[in-house]
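Residue-level structure breakdown
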Amino acid sequence: MFKKIIVFNTLIFILISCSNKSNMDIVPVDSTKSFSVLGYCTPAPENAFNVKYSIVNKTIAESNFDYNNVNFYYRASKNLDELLGLYNNLKEYKTYTDNETATEIIIETVNKEYIAHWNVKGIYYSLSGKDENELYNLSLILIKNKALN
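These numbers were taken from a predicted model, which means no experiment stands behind them.

A separate point is the packing of aromatic side chains. Each aromatic ring pair is described using two quantities: the centre-to-centre distance and the angle formed by the ring planes. Tallied over the full model, the rule gives 7 aromatic pairs. Judged by centre distance (5.9 Å) and plane angle (85°), the rings of Phe35 and Tyr53 are edge-to-face. One end of the pair, Phe35, is in the loop between strand E1 (26-29) and strand E2 (49-56); the other, Tyr53, is in strand E2, with 18 residues separating them in the sequence. One exposure class covers both Phe35 and Tyr53, and it is buried. On the numbers, 6.2 Å between centres and 15° between planes, the contact of Trp118 with Tyr125 is stacked. Of the two residues examined, Trp118 and Tyr125, each falls in the buried class.

Put into structure tokens, the structure is as follows:
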């Protein structure tokens, strides 16, 4: 009987652990140089402050920073589903095309937060924050930094 209880509790623990999306593996890193193992990076823009870098789930480069008094998360991955899987219940909001780089920017929303995402040279990028205009303007800067370099 005691073994059955242990087995039951172990199974419940495994089921809860596997179904919880909040179990992200976040490894803080010192700088963008640590992203070299991924083959892509997300440097914070010039004039950003409170900058923190992380690798999420071993495949996502992440920068968290404040820019123009708005907090942003800038992420990159080779897999769009992994990148957008960090958010639940996204709703497509707007689509733009940056004329200079011909890059399509899709802006989605969830819980009063905006998430822009785009692809440059086979890498998917996302930028999330609570101010739509700042998000769009910063997205253009970040796209040009990747596409034109």
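Before going further, it helps to examine the side chain of Thr101. One can find Thr101 in the loop between strand E5 (91-98) and strand E6 (103-110). At 2.6 Å, the side chain of Thr101 forms a polar contact with the side chain of Asp98. Polar contacts involving the side chain of Thr101 include one to the side chain of Thr103, which spans 2.9 Å. Those residues in contact with Thr101 that sit more than four places away from it in its chain are Ile143, Lys144, Ala147 and Leu148.

To find leftover empty space, one rolls a probe the size of a water molecule over the atoms. Considering only enclosed or pocket space, the second largest pocket measures out at about 160 Å³ in volume. Those elements that place two or more of their residues in the lining of the second largest pocket are strand E4 (70-77) and strand E8 (123-129). Of the residues that constitute the lining of the second largest pocket, the class distribution is 4 nonpolar, 5 polar and 3 charged.

Tallied over the entire structure, the rule returns 4 salt bridges. Across the pair Arg75 and Glu62 runs a salt bridge, and its minimum N-O distance is 2.7 Å. Linking Arg75 in strand E4 with Glu62 in strand E3 (residues 60-67), this pair joins segments that are 13 residues apart in sequence. Taken as a pair, Arg75 and Glu62 share a single burial class, namely buried.

Before going further, it helps to examine the sheet that holds strand E7 (residues 113-120). Spatially, E1-E2-E3-E4-E8-E7-E6-E5 is the arrangement adopted by the 8 strands of the open sheet, whose pairing is antiparallel. Each end of this open sheet is capped by a strand with a single partner; those strands are E1 and E5. On average, adjacent strands in this sheet sit at an angle of 25° to one another, irrespective of strand direction. Inspection of the sheet shows E4 paired to E8 by 5 bridges, in the antiparallel sense. When the sheet's bridge partners are listed, Tyr74 is paired in E8 with Leu127. Its contacts with the sheet put helix H3 (residues 132-147) on E3, E4, E5, E6, E7 and E8, and the angle it makes with E7 is roughly 15°.

Here H3 is 16 residues long and its end C-alpha atoms lie 22 Å apart, about the 22 Å a rise of 1.5 Å per residue gives. The residue sitting at the N-terminus of H3 and contributing the capping side-chain oxygen is Asp131; that oxygen lies 3.1 Å from the backbone nitrogen of Asn133.

The next point concerns the confidence of the model for the chain. Across the chain, the average pLDDT comes to 86, with 84% of residues at 70 or higher. Low pLDDT, under 50, characterises residues 2-21; the predicted model gives this stretch 3 contacts beyond four residues in sequence or across chains.

What counts as what
- Residues numbered from 1 in each chain as written.
- Predicted model: local features only at pLDDT ≥ 70, side-chain atom pairs only at ≥ 80, totals over all residues.
- Heavy atoms only, no water.
- Phe/Tyr/Trp six-rings, centres within 6.5 Å; stacked < 30°, edge-to-face > 60°.
- Helix = DSSP H or I, 4+ residues; strand = E, 2+ residues; numbered from the N terminus.
- Buried < 20%, exposed > 50% of the residue type's maximum accessible area, 1.4 Å probe, protein only.
- Polar contact = N/O pair within 3.5 Å; in protein donor to acceptor, adjacent residues only side chain to side chain.
- Contact = heavy atoms within 4.5 Å.
- 1 Å grid on protein atoms, 1.4 Å probe; cavity = no way out; pocket = protein on both sides within 12 Å on 5 of 7 lines; lining within 4 Å.
- Points joined across faces, edges and corners; volume = space filled by probe spheres on them.
- Nonpolar A, V, L, I, M, F, W, Y, C, P; charged D, E, K, R; others polar.
- Salt bridge = Lys/Arg side-chain N within 4 Å of Asp/Glu carboxyl O.
- Pairing = 2+ DSSP bridges.
- Axes fitted to C-alpha atoms, helices over the stretch in contact; angles between N-to-C directions.
- Expected span 1.5 Å × (residues − 1).
- pLDDT = per-residue confidence, 0-100.

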